[in-house]
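Okay, here's what each chain looks like letter by letter:
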Amino acid sequence: MSTVSVEHQPLLIGGEWVPAGEGRTYERADPFTGAVVTEAAAASRADARAAADAAGAAFEAWAATAPAQRRALLMDAADLLEARAPEVAATMTAEVGATFGWGMFNCGLAAGMLRYAAGQAHEVGGELIPSDVPGVTAMGVRRAAGVVVGIAPWNAPVILATRAIATPLAYGNTVVLKASEQCPRPHAAVVRALHDAGVPAGAINLITNDPADAADVVEELIAHPAVRRINFTGSTRVGRIVAATAAQHLKPTLLELGGKAPMVVLADADLDEAAAAASFGAYMNSGQICMSTERVVADRSLADDLAQRIAARAAALVVGDPRDGETQIGPVVNAAAAERITAMIEDARAQGAEILAGGEPDGLLLTPTVVVGVTPAMRLYAEESFGPVVTVVAVDGVDEAVRVANDTDYGLSAAVFGRDVAAATAVAHRIDSGIVHVNSSTVHDEPQMPFGGVKASGWGRFGGHAALAEFTELRWLSVQEGSRHYPI
């Protein structure tokens with residue numbers, strides 16, 4: 001599936017695939033080969049404004065579309081995305097170094113998200129609220145908010161682009177997706193499926209931009225008067241900027257940001273199950289998942305044994321060319337990521353930590369790494385690595401395990417392992433995290449679940465019924481029957 005030619009990616013504005021207004025483009029290189037694989041339109045502020053204008057113009061008609069029609073279009077888009085999965089997976093390999101399996105998984109889950117969102121089209125309803133005024137029928141009624149700006153990252157591009165736009169569309173909002181500079185084509189593939197399914201002109205729009213223009217494009221989109229909601233998935237650093245910009249315009253945001261997911265392993269845990277979950281959670285997609293298991297917090301009685309089991313699994317994983325069907329771990333996304341992750345490992349090594357497996361970079365290929373003896377003085381203790389690295393920290397008892405698990409600015413995903421499910425669940429309730437799994441990996445996602453974090457991992461929830469509050473307005477509507485007496 002090698003990419004031998006440069007593909008061109010235009011913008012989608014008002015139902016038309018168009019170049020950037022100034023004719024500018026930027027290039028995206030394959031992280032494994034270094035060859036340029038994509039030439040994408042480099043949108044300006046004017047292009048961003050045009051996309052938001054188109055979404056604003058399309059809003060009234062799309063919001064008035066029958067829920068059954070919105071449902072049917074989203075279902076058709078899911079079918080198209082699923083049928084195109086091998087092609088879309090190949091674009092993920094070309095632009096972000098994803099293995100074919102990760103690309104196919106992205107497409108499968110994204111199709112499921114579109115189908116779940118389709119089922120939500122009929123959920124924009126309301127409730128009767130008793131009034132103390134004679135003859136008044138009062139209701140709390142939900143309706144579409146307006147234009148939603150979705151800003152999605154590169155690491156799970158098809159899943160996260162779909163999550164940014166599917167439910168807002170189902171509820172009757174129109175959308176502008178600002179694609180990641182790292183993966184314009186995988187993000188465009190989601191938009192193309194919706195466009196080709198027949199979503200009306202302007203209801204879905206796509207902006208791609210040069211990395212140097214990202215701040216200007218995002219600022220223009222947020223400031224546009226038709227834009228009423230912004231959702232962002234990405235780093236905590238950029239999430240703070242998005243939130244601050246939106247706050248200046250009094251616009252709500254939904255933010256899913258960084259993570260430092262702990263896996264607490266209690267003294268009675270099944271070590272084979274814990275090691276399997278830790279290996280999957282730490283190394284899937286080279287650790288480039290917001291929920292990746294970054295810290296195994298294990299009871300001292302079993303910490304050494306568990307660390308050796310995880311190291312054995314790490315050493316057995318196949319690292320290499322993501323186009324090779326045998327490869328399980330491909331490259332990280334770029335040289336800056338490889339340098340940052342390697343520097344964190346070397347900082348821990350220099351301060352006395354022991355590397356049980358991995359830790360040796362080969363360009364952008366990083367071998368799955370297990371580190372023990374990590375202390376709070378080391379970068380690996382607190383910083384998000386976003387790479388194929390896991391630390392194993394030994395603790396004495398449950399209270400220390402909870403303290404160490406919570407000793408982080410982040411709070412997205414967590415896990416607790418123990419044979420006594422009631423005891424493990426009690427520990428889970430003590431962890432500061434938006435998501436926590438008992439006897440399962442920290443990496444898990446389903447369309448119907450409320451997904452999001454606390455602390456520096458963001459606020460708000462994608463997925464499930466929780467998304468209704470994020471992407472609709474709740475208004476009070478009352479109807480007076482008969483005459484009403486007023487005092488003046």
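Above this text you will find the structure in question.
Everything numeric here is computed off the predicted structure, so don't read it as measured data.

Let us now look at the overall build of the protein chain. When helices and strands are counted, the protein chain shows 15 helices and 23 strands. Whereas a compact globule of 488 residues would reach a radius of gyration of roughly 23 Å, the protein chain reaches 24 Å, a difference of no more than 12%. Expressed as lengths along the three principal axes of its C-alpha atoms, the size of the protein chain is roughly 80 × 60 × 40 Å. Scored against the burial criterion, the 488 residues of the protein chain give a buried share of 56%. Pairs at least 24 apart in sequence give 74% of the contacts found in the protein chain among residues at least 6 apart. A total of about 19200 Å² of accessible surface is found on the protein chain, and carbon and sulfur atoms cover 54% of it.

Strand order in the open sheet formed by 3 strands is 6-7-23, and the pairing between neighbours is antiparallel. Each edge of the open sheet carries a strand with a single partner, namely strand 6 (126-129) and strand 23 (472-480). Across the sheet, the axes of successive neighbouring strands diverge by a mean angle of 20°, strand direction being ignored.

The strand order across the open sheet formed by 3 strands is 1-5-4, and the pairing between neighbours is mixed. Here the strands that pair on one side only, and so sit at the sheet edges, are strand 1 (7-9) and strand 4 (25-29). Taken over all neighbouring pairs, the strand axes of this sheet differ in orientation by 25° on average, direction set aside. Sheet analysis places strand 1 next to strand 5 (residues 36-41), joined by 3 bridges and oriented parallel. In the strand pairing of strand 5, Glu7 is matched with Thr38. Seen against the sheet, helix 6 (residues 184-197) touches strand 1, strand 4 and strand 5 and runs at an angle of roughly 60° to strand 1.

Across the two faces of strand 12 (residues 253-256) the burial is the same, with Thr253 and Leu255 and Leu254 and Glu256 all buried. Of the strand pairs in this sheet, strand 11 (residues 227-233) and strand 12 are connected by 4 bridges, and their pairing is parallel. Its bridge partner being in strand 12, Ile230 is matched across the sheet by Thr253. A crossover connection joins strand 11 to the parallel strand 12 through helix 8 (residues 236-248); in handedness this β-α-β unit is right-handed.

Taken as a whole and judged by the stated rule, the model has 2 aromatic pairs. Ring centres of Trp102 and Phe105 lie 5.7 Å apart, and the angle between their planes is 20°; on these two criteria the pair is classed as stacked. Of this pair, Trp102 and Phe105 are both found in helix 4 (residues 100-119), 3 residues apart, which corresponds to roughly one turn of the helix. A ring pair is formed by Trp154 and Phe386, whose centres lie 5.8 Å apart and whose planes are at 90°; its orientation type is edge-to-face. Taken together, the residues Trp154 in the loop between strand 8 (147-151) and helix 5 (157-170) and Phe386 in the loop between helix 12 (379-382) and strand 19 (389-395) connect sequence positions 232 residues apart. Considered together, Trp154 and Phe386 belong to a single accessibility category, that of buried residues. Here Arg163 stacks its cationic end above the ring of Phe462, 4.1 Å away from the centre of that ring.

The terminal C-alpha atoms of helix 8 lie 19 Å apart, and with 13 residues this matches the ideal 18 Å at 1.5 Å per residue to within 8%. Along helix 8, the residues that are buried comprise Thr236, Gly239, Val242, Ala243, Thr245 and Ala246. Considering only its buried residues, helix 8 is in contact with helix 7 (214-223), strand 11, strand 12 and strand 22 (458-459). At the C-terminal side of helix 8, Leu250 shows a positive phi close to 55°.

Thresholds, definitions, all that
- Residues numbered from 1 in each chain as written.
- Predicted model: local features only at pLDDT ≥ 70, side-chain atom pairs only at ≥ 80, totals over all residues.
- Heavy atoms only, no water.
- Helix = DSSP H or I, 4+ residues; strand = E, 2+ residues; numbered from the N terminus.
- Rg over C-alpha atoms; globule rule 2.2 N^0.38 Å.
- Buried < 20%, exposed > 50% of the residue type's maximum accessible area, 1.4 Å probe, protein only.
- Contact = heavy atoms within 4.5 Å.
- Areas by Shrake-Rupley, 256 points an atom, 1.4 Å probe, with all protein chains shown as cover.
- Pairing = 2+ DSSP bridges.
- Axes fitted to C-alpha atoms, helices over the stretch in contact; angles between N-to-C directions.
- Right-handed = clockwise from strand over helix to strand, strands pointing away.
- Phe/Tyr/Trp six-rings, centres within 6.5 Å; stacked < 30°, edge-to-face > 60°.
- Lys NZ or Arg CZ within 6 Å of the ring centre and 35° of its normal.
- Expected span 1.5 Å × (residues − 1).

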